[in-house]
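Descriptive analysis of the structure
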Amino acid sequence: MSTTLTEAPWERTRVVNAPAANVVTDLKTTGEGDILVNSSAGVIKPLLSADLLDRLYLMIFPEIAGGGQRLFDDGLPASKWTLTHQETGKLGELAMVYDRVR
């Protein structure tokens, strides 16, 4: 999803400039397979708000970098998640996988 690109530089990719929730809803009804979103709070936040996510991969690093976007804004609908996997790295970083409980 992009508001600046007009064509995709990668194979089997298309550029979309539309609300994330609309795009994912269409993909879920017309496509097959997994839909992955990497490191894009601007895409993930509306999908959380529309309850369209089935799995979250979260990483926490023991470092304070200052400002930035919050992933879990106030006003999100209530939801339940189950921790299905976790790992701790050598520097104390945490990698966690949460699945949506429906």
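Please refer to the structure higher up on the page.
Residues numbered from 1 in each chain as written. Predicted model: local features only at pLDDT ≥ 70, side-chain atom pairs only at ≥ 80, totals over all residues. Heavy atoms only, no water.

1. Focus: the overall build of the protein chain
Note the following rule: Helix and strand definitions follow DSSP, with helices as H or I runs of at least four residues and strands as E runs of at least two, each counted in order from the N terminus. Contacts are assigned to residue pairs that have any heavy atoms within 4.5 Å of one another. In this tally, Asp and Glu contribute negative charge and Lys and Arg positive charge; neither His nor the terminal groups of the chain are included. All charge positions are set by atom: Lys at NZ, Arg at CZ, Asp at CG, Glu at CD.
A tally of regular secondary structure across the protein chain gives 2 helices and 3 strands. Ordered by position from the N terminus, the helices and strands of the protein chain form the series α-α-β-β-β. Considering only C-alpha atoms, the protein chain reaches an extent of 40 × 30 × 30 Å along its principal axes. Look at the contacts in the protein chain between residues 6 or more apart in sequence, and 51% of them connect residues 24 or more apart. Between the centroid of the 10 positive side chains of the protein chain and the centroid of its 13 negative side chains there is a distance of 5 Å.

2. Brief notes about the nonpolar core
Definition in use: In plain words, nonpolar cores are sets of buried Ala, Val, Leu, Ile, Met, Phe, Trp, Tyr and Cys residues tied together by side-chain atoms within 4.5 Å. Buried, partly exposed and exposed residues are distinguished by accessible area as a fraction of the type maximum, computed with a 1.4 Å probe on protein chains only: under 20%, between the cut-offs, and over 50%, respectively.
Core analysis: the biggest nonpolar cluster contains 12 residues, these being A20, A21, V24, V43, I44, L47, L48, L52, L53, L56, L58 and M96. At 4 residues, the largest contribution of residues to this core is made by helix α2 (residues 41-49). Among residues more than four places away in sequence, those in contact with M96 are L56, Y57, L58, I60, L83, H85 and Q86.

3. Remarks on the packing of helix α1 (residues 20-30) against α2
The cut-off we apply is this: To obtain each axis, a line is fitted to C-alpha atoms, and for helices this fit is confined to the stretch in contact; angles are then taken between N-to-C directions over 0 to 180 degrees. Orientation is classified from the angle alone, with under 35 degrees giving roughly parallel, over 145 giving roughly antiparallel, 65 to 115 giving roughly perpendicular, and any other angle giving oblique. Should the near helix be turned anticlockwise from the far one by less than a right angle, the crossing is termed left-handed; should it be turned clockwise, right-handed. Basically, the charged four are Asp, Glu, Lys and Arg, the nonpolar ten are Ala, Val, Leu, Ile, Met, Phe, Trp, Tyr, Cys and Pro, and anything else, Gly included, counts as polar.
The interhelical angle for the contact between α1 and α2, taken along N-to-C directions, is 70 degrees, at an axis separation of 8 Å. Here α1 is positioned roughly perpendicular relative to α2, judged by the angle of their axes. Both α1 and α2 take part in a crossing whose hand is right-handed. Taking contact as the criterion, the partners of A20, A21 and V24 in α1 are, on α2, V43, P46 and L47. Counted by class, the contact of α1 with α2 contains 6 nonpolar, no polar and no charged residues.

4. Looking at the sheet that holds strand β2 (residues 80-88)
This is how the line gets drawn: For two strands to be treated as a pair, DSSP must find at least two bridges joining them.
Read across the open sheet, the 3 strands follow the order β1-β3-β2; overall the sheet is antiparallel. At either end of the open sheet lies a strand with only one pairing partner, and these are β1 (55-60) and β2. Across the sheet, the axes of successive neighbouring strands diverge by a mean angle of 20 degrees, strand direction being ignored. Strand direction decides the pairing type here: β1 and strand β3 (residues 94-101), joined by 6 bridges, are antiparallel. Paired with Y57 across the strands is V97, a residue of β3.

5. Let's talk about the environment of G42
Considering the arrangement of structural elements, one finds G42 in helix α2. The sequence separation of G42 and Q86 amounts to 44 residues, and the corresponding C-alpha distance is 25 Å.

6. What about the side chain of S2?
Our working definition: Counting of polar contacts relies on pairs of N or O atoms within 3.5 Å, with two restrictions inside protein: one atom must be capable of donating a hydrogen and the other of accepting it, and residues adjacent in sequence are counted only when both atoms are side-chain atoms.
In this structure, S2 sits in the segment before α1. Within polar-contact distance, the side chain of S2 engages the backbone nitrogen of L5 at 2.8 Å. When residues no more than four places from it in sequence are discounted, the contact partners of S2 are V15, V16 and N17.

7. Some points on the pairing of β3
Bridging between β2 and β3 involves 8 bridges; their strand directions are antiparallel. Paired with T88 across the two strands is L94, which belongs to β3. Counting the residues in the hairpin turn of β2 and β3 gives 5 residues, including G92, whose phi is positive at 90 degrees.

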